[in-house]
Protein chains: 2
Amino acid sequence: MTSEFELIRNHFVRPTPQAILGPGDDCALIAPALGMQLAITTDMLIAGTHFLPDTDPCQLGWKTLAVNLSDLAAMGARPRWALLAGSLPEVSEPWIAAFTDGLFACASYYGVDIIGGDTTRGPLAFCLTAIGEVPIGMALRRDQALLDDDLWVSGQPGLAALGLAHLQGRTVLAEPLLKPCLAALQRPLARVELGLELRRRGLAHAAIDVSDGLLADLGHILQGSAVAAELFVAQLPPLPTTADPVLARQCQLAGGDDYELVFSAAPEKRAEITALADHLALPLWRCGLVVGAAPGQLTLLDDQGRVVPINEKGYDHFG
Amino acid sequence: MTSEFELIRNHFVRPTPQAILGPGDDCALIAPALGMQLAITTDMLIAGTHFLPDTDPCQLGWKTLAVNLSDLAAMGARPRWALLAGSLPEVSEPWIAAFTDGLFACASYYGVDIIGGDTTRGPLAFCLTAIGEVPIGMALRRDQALLDDDLWVSGQPGLAALGLAHLQGRTVLAEPLLKPCLAALQRPLARVELGLELRRRGLAHAAIDVSDGLLADLGHILQGSAVAAELFVAQLPPLPTTADPVLARQCQLAGGDDYELVFSAAPEKRAEITALADHLALPLWRCGLVVGAAPGQLTLLDDQGRVVPINEKGYDHFG
């Protein structure tokens with residue numbers, strides 16, 4: 001006899017060719033390839049904190065995996081396996097089916113096997129653990145930025161926060177801007193290929209993904225590496241012209257949920273990084289410089305070289 | 001400047017000698033020893049579903065890790081690493097400090113490094129992912145029970161459920177029974193050494209931990225292995241004499257949260273298993289037999305060989 005509970009669990013079980021043993025036993029079994037380390041990350045997504053309770057379940061399924069793959073991307077690791085624990089207030093099979101459609105669409109896109117998990121009754125929340133492989137000693141860390149490194153950021157950070165502001169009625173976006181902002185918020189891409197190529201080509205010293213906001217996450221690189229940096233506002237990605245410029249800048253500097261990569265690289269790598277941007281069809285913006293001075297300090301400079309006061313420190317869940 | 005959020009996270013950061021890179025970056029980095037596979041499991045513990053909201057935080061910290069280590073034990077894996085994601089409704093540093101005291105006491109007891117995690121605001125809930133090592137191809141699985149195997153169970157399943165019944169006012173336990181029942185509920189032991197020795201000594205064909213109840217979890221072995229079994233009530237661990245006998249039997253057969261191991265083994269291993277019980281100072285009860293007949297079917301027999309109807313199917317979160 002199949003219980004309702006088992007029916008739900010069955011939605012989460014698909015073939016796992018990359019695992020030695022997939023879902024259904026006490027544990028999953030995996031083995032990294034020879035010469036590889038494992039990079040592991042876990043993130044909880046809570047209704048009301050990380051997503052609106054009425055979020056489209058298919059997009060939520062995608063995002064639950066993608067935000068964790070972003071952490072693997074920031075280490076230059078190739079995503080391979082994931083486990084999902086879910087807490088559900090009630091059993092709605094159509095909701096679950098849509099969630100798992102999104103989850104497995106993301107898993108398939110990035111080549112990840114969902115090897116195990118847990119399903120329980122409780123407030124709507126998910127916890128995903130993602131595991132990737134990276135050659136021994138080659139992971140991109142946040143504590144390896146060097147003096148005189150350039151600072152780079154990928155894509156268009158701020159779009160997700162703009163999309164959220166629109167959904168919350170704090171601004172009104174129109175097409176063609178609305179669509180990419182909602183996509184960035186609801187169906188983010190993890191910059192896996194960028195992370196892999198930065199690592200493979202030896203281009204980056206330090207990297208992090210922009211989950212808490214550009215300033216906050218760049219700050220983590222500076223603190224981890226015990227360096228300071230200057231960020232040049234004029235060299236950041238151009239703001240969308242149809243959005244409120246103050247809000248757009250705020251979102252770009254301090255908006256969470258972006259999942260772009262910020263990385264530091266030696267100045268002599270500029271041509272190679274520009275070539276990589278072309279290769280990936282992903283804009284990479286050289287927007288800052290690692291300097292000496294006070295470790296961890298970040299200075300924002302306008303196009304005249306004047307210091308811009310930093311008011312927005314990025315998103316702090318307990319702030 | 002250290003935010004309240006960072007202070008909390010700092011409680012979760014201790015040395016991780018077994019990891020290549022511990023907490024603080026986008027991912028943790030680990031590498032299994034040569035010839036080893038990784039066994040991985042994840043479990044969510046939700047206030048109100050898995051523990052009473054006023055549970056002692058130190059015991060909760062212990063249990064959050066122990067229940068996952070139990071899954072590793074059931075595979076015969078040695079626990080090595082864990083990641084913890086926590087959702088907290090408010091920041092209470094003393095609560096967090098007590099929780100992490102319990103967590104790290106358990107980690108230290110079992111030799112586990114807490115290599116990463118996530119802290120967020122939300123309803124009280126934890127999700128722990130535990131990772132262990134097992135020699136390639138040697139994991140104890142639930143789908144390997146063979147015809148004519150004996151069925152064994154460790155310790156005293158049912159104590160945790162009796163303890164919960166006492167706390168919920170459904171029964172009244174007195175000392176000396178109360179203490180071990182509360183300990184089983186609140187500070188369970190994972191049978192890691194038992195799992196390791198069963199695997200090392202080649203004693204078990206199939207194994208599972210009793211998290212959902214003896215009948216339910218034994219049922220998973222039978223379904224996974226496509227065999228049937230007879231369970232002999234008279235050969236189960238003696239019930240505590242000072243407890244309501246009907247409740248005590250119900251707890252023994254269907255109580256969750258026990259974390260004993262159930263395993264199947266060839267009859268010629270009986271002497272070795274008895275010797276192992278002595279070695280571990282842990283009672284091991286030979287209480288059943290794998291038979292042919294309908295796959296997945298479990299028959300309960302009394303001391304006269306009469307069939308006992310099974311009413312309690314074990315704990316189903318959506319039941």
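Remember, predicted model here, so these are calculated numbers, not experimental data.

What counts as what
- Residues numbered from 1 in each chain as written.
- Chains lettered and ligands numbered in written order.
- Predicted model: local features only at pLDDT ≥ 70, side-chain atom pairs only at ≥ 80, totals over all residues.
- Heavy atoms only, no water.
- Core = buried A, V, L, I, M, F, W, Y, C linked by side-chain atoms within 4.5 Å.
- Buried < 20%, exposed > 50% of the residue type's maximum accessible area, 1.4 Å probe, protein only.
- Helix = DSSP H or I, 4+ residues; strand = E, 2+ residues; numbered from the N terminus.
- Contact = heavy atoms within 4.5 Å.
- Polar contact = N/O pair within 3.5 Å; in protein donor to acceptor, adjacent residues only side chain to side chain.
- Least-squares fit on C-alpha atoms with pLDDT ≥ 70 in both.
- UniProt positions renumbered as here; feature names shortened; annotations may be inferred.
- Buried area = accessible area lost by both parts, 1.4 Å probe.
- Salt bridge = Lys/Arg side-chain N within 4 Å of Asp/Glu carboxyl O.
- Nonpolar A, V, L, I, M, F, W, Y, C, P; charged D, E, K, R; others polar.
- Pairing = 2+ DSSP bridges.
- Axes fitted to C-alpha atoms, helices over the stretch in contact; angles between N-to-C directions.

## Quick look at the nonpolar core
Side chains that are nonpolar tend, in soluble globular proteins, to be buried together. With 40 residues, the main nonpolar core has Leu65, Leu69, Leu103 and Tyr110 of chain B as its most contacted residues. When contributions to this core are tallied by element, the ones reaching two or more residues are strand 2 (36-46), helix 2 (57-74), strand 3 (78-88), helix 3 (93-110), strand 5 (125-135) and helix 6 (192-200) of chain B. Among the elements that take part in this core, helix 2 of chain B stands out by supplying 8 residues, more than any other. Not counting the four nearest positions on each side in its chain, Tyr110 of chain B is found in contact with Trp62, Leu69, Pro79, Leu189, Ala190 and Val192 of chain B. Listed in part, the 39 residues of the second largest apolar core include Leu45, Leu60, Ala66 and Ala139 of chain A.

## A closer look at the side chain of Thr55 of chain B
Along the chain, the position of Thr55 of chain B falls in the loop between strand 2 and helix 2. Only 2.5 Å separates the side chain of Thr55 of chain B from the backbone oxygen of Leu52 of chain B, close enough to count as a polar contact.

## Some points on the relation of the copies chain A and chain B
Under the fitted operation, chain A is carried onto chain B by 0.0 Å of movement along the axis and a turn of 180°, and the coordinates agree to an RMSD of 0.0 Å. Those values place the two copies in the arrangement expected of a two-fold rotation axis. Across chain A, the smallest distance between a C-alpha and the rotation axis is recorded for Cys127 of chain A, namely 3.3 Å. Most of the interface of chain A is mirrored in chain B, where 100% of its interface residues again form contacts.

## Some remarks on the UniProt feature "binding site: ATP" (unreviewed entry) in chain A
Following the UniProt record, the feature "binding site: ATP" (unreviewed entry) maps to Gly117, Asp118, Arg142 and Ser211 of chain A here. Maximum C-alpha separation among the annotated residues is 31.3 Å over a sequence range of 95 residues, too wide for a single clustered spot. Within the secondary structure layout, Asp118 of chain A lies in strand 4 (residues 113-121). For Asp118 of chain A, a relative accessible area of 16% puts it in the buried group. Within the secondary structure, Arg142 of chain A sits in the loop between strand 5 (125-135) and strand 6 (150-154). Overall, the relative accessible area of 15% leaves Arg142 of chain A in the buried class. When near neighbours in sequence (up to four residues on either side) are disregarded, Arg142 of chain A contacts Ala206, Ala207, Ile208, His220, Ile221, Gly224 and Ser225 of chain A together with Gly24, Asp25 and Asp26 of chain B.

## Quick notes on the interface of chain A and chain B
If you look at the interface, chain A gives 59 residues, while chain B gives 59 residues. Roughly 5000 Å² is buried in total at the junction of chain A and chain B, and carbon and sulfur atoms are behind 63% of that figure. Remark: the boundary between chain A and chain B carries 4 salt bridges. Counting across the interface, chain A meets chain B through 19 residue pairs in polar contact (both at pLDDT 80 or more). Listed by contribution, the elements that provide at least two residues to the side of chain A that touches chain B are helix 1 (4-11), strand 1 (28-30), strand 2 (36-46), helix 2 (57-74), strand 3 (78-88), strand 4, strand 5 and strand 7 (206-209) of chain A. At 9 residues, the largest contribution of residues to the side of chain A that touches chain B is made by strand 2 of chain A. Here the residues of the side of chain A that touches chain B are counted per class, giving 32 nonpolar, 15 polar and 12 charged.

## Structural notes on the sheet that holds strand 8 (residues 228-232) of chain B
Residue and element names in this part refer to chain B. Read from one edge to the other, the open sheet built from 7 strands follows the order 7-9-6-10-8-11-12, with strand pairing classed as mixed. Looking along the sheet, the strands with just one partner apiece sit at the ends: strand 7 (206-209) and strand 12 (307-308). For strand 8 and strand 10 (residues 284-291), the ladder comprises 4 bridges, and the chain directions are antiparallel. If you follow Glu230 over to strand 10, its bridge partner there is Leu289. On the sheet, helix 7 (residues 214-225) packs against strand 6 (150-154), strand 7, strand 8, strand 9 (261-265) and strand 11 (298-301) and is oriented at approximately 150° with respect to strand 7.

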